[in-house]
Amino acid sequence: MIGHSEGSLIGMVAANEQPATSFVSLAGAGRPLDEVLLEQLTVQLPGNLLVESRDILVQLKEGNLVAQVSPELASIFRPSVQPYLISWLAYDPQKELAKLDMPILVIGGTTDLQVPLEDAELLKAAHEKAELLIIENMNHVLKTATAVPEENMATYSNPDLPLADGLIDGMVEFLLKK
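What counts and how
Residues numbered from 1 in each chain as written. Predicted model: local features only at pLDDT ≥ 70, side-chain atom pairs only at ≥ 80, totals over all residues. Heavy atoms only, no water. Helix = DSSP H or I, 4+ residues; strand = E, 2+ residues; numbered from the N terminus. Rg over C-alpha atoms; globule rule 2.2 N^0.38 Å. Buried < 20%, exposed > 50% of the residue type's maximum accessible area, 1.4 Å probe, protein only. Contact = heavy atoms within 4.5 Å. Areas by Shrake-Rupley, 256 points an atom, 1.4 Å probe, with all protein chains shown as cover. Lys, Arg positive; Asp, Glu negative; His and termini not counted. Charge placed at Lys NZ, Arg CZ, Asp CG, Glu CD. Axes fitted to C-alpha atoms, helices over the stretch in contact; angles between N-to-C directions. Parallel < 35°, antiparallel > 145°, perpendicular 65-115°, else oblique. Nonpolar A, V, L, I, M, F, W, Y, C, P; charged D, E, K, R; others polar. Pairing = 2+ DSSP bridges. Right-handed = clockwise from strand over helix to strand, strands pointing away. Polar contact = N/O pair within 3.5 Å; in protein donor to acceptor, adjacent residues only side chain to side chain. Salt bridge = Lys/Arg side-chain N within 4 Å of Asp/Glu carboxyl O.

Observations regarding the overall build of the protein
Along the backbone of the protein there are nine helices and four strands. Along its sequence from the N terminus, the protein presents helices and strands in the succession β-α-β-α-α-α-α-α-β-α-β-α-α. Rg of the C-alpha trace for the protein: 17 Å, near the compact-globule value of 16 Å for 178 residues, within the 12% margin. Dimensions of the protein, computed from the C-alpha atoms along their principal axes, are close to 50 × 40 × 25 Å. In the protein, buried positions account for 42% of the 178 residues. In the protein, 61% of the contacts between residues at least 6 apart in sequence involve partners at least 24 apart. Within the structure as shown, the protein displays about 9,500 Å² of accessible surface, and the carbon and sulfur contribution to it stands at 56%. Taken together, the 11 basic and 25 acidic charged side chains of the protein have centroids lying 7 Å from each other.

Listed below in structure tokens is the structure:
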């Protein structure tokens, strides 16, 4: 089972419920969604919208829908996605990974602007048998990129760029030795 980004958490849950022989987390968050979102929003939002975001996340984490959302936050917290966010907030990636009884490979990139390398380290620490593979200069979409935000983001929409060096070889090596 292999999961990327949000799919890493989904893969963890699925690997625990369905037969799987190993699990690979690619750029997966090592913290609950509310922590990740607040970290990302802190650098993007003015104070009043950040406070509103915190309040919304508290309500969602408690399983409550939020009727009034500022237009500036609608792309994240609009009513149609709130049930999904509530379901996602119920999971802690570290706890889910710790449940797995199989070989685990956690992969993180040094230039991932969405999920910092610390998240890969948190996931590795959550399971004593997990292996950690750090790919130098790999960003969130698994391509080689600088840490300069504009340059990094430009790789997201360029399908001609290859995957970062070491990613496929590292995964194949892990999968062959299990």
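From this point, the discussion proceeds with the structure in view.
Some remarks on unusual backbone geometry
We note that Asn-137 has phi near 65°; this positive angle belongs to a residue other than glycine. Note that Asn-137 resides in the loop between strand E4 (131-135) and helix H8 (149-154). Judged by its relative accessible area of 38%, Asn-137 falls in the partly exposed class. With a phi angle near 70°, Leu-142 is a residue other than glycine that sits in the positive phi range. Mapped onto the elements, Leu-142 comes out in the loop between E4 and H8. Taking the relative accessible area as the measure of exposure, Leu-142 reaches 11% and is therefore buried.

With respect to the packing of helix H2 (residues 33-42) against helix H3 (residues 47-61)
The contact between H2 and H3 brings their axes to 10 Å, and the two run at 170°. When the axis of H2 is compared with that of H3, the two are roughly antiparallel. The residues of H3 that touch H2, namely those facing Asp-34, Leu-37, Leu-38, Leu-41 and Thr-42, are Leu-50, Ser-53, Arg-54, Leu-57 and Lys-61. Its residues assigned to classes, the contact of H2 with H3 comprises five nonpolar, two polar and three charged.

Some remarks on the pairing of E4
Examined bridge by bridge, strand E3 (residues 104-109) and E4 share five bridges and lie parallel to one another. Its bridge partner being in E4, Leu-105 is matched across the sheet by Glu-131. Read from E3 through helix H7 (residues 117-126) to E4, the crossover connection turns out right-handed.

Let's talk about the environment of Lys-61
The topology assignment puts Lys-61 in helix H3. Each C-alpha atom, one on Lys-61 and one on Asp-34, is 8.0 Å from the other, the two residues being 27 residues apart in sequence. For Lys-61, the contacting residues outside a window of four places in its chain are Pro-32, Asp-34 and Leu-89. For Lys-61, the side chain forms a polar contact with the side chain of Asp-34, separated by 3.1 Å.

Regarding the side chain of Glu-52
Mapped onto the elements, Glu-52 comes out in helix H3. No salt bridge is formed by the buried Glu-52, whose closest oppositely charged neighbour, Arg-54, lies at an N-O distance of 12 Å. In this structure Glu-52 touches Gln-68, Val-69, Ser-70 and Leu-73, once residues within four positions along its chain are discounted.

Just geometry here; none of it tells us what the structure is for.
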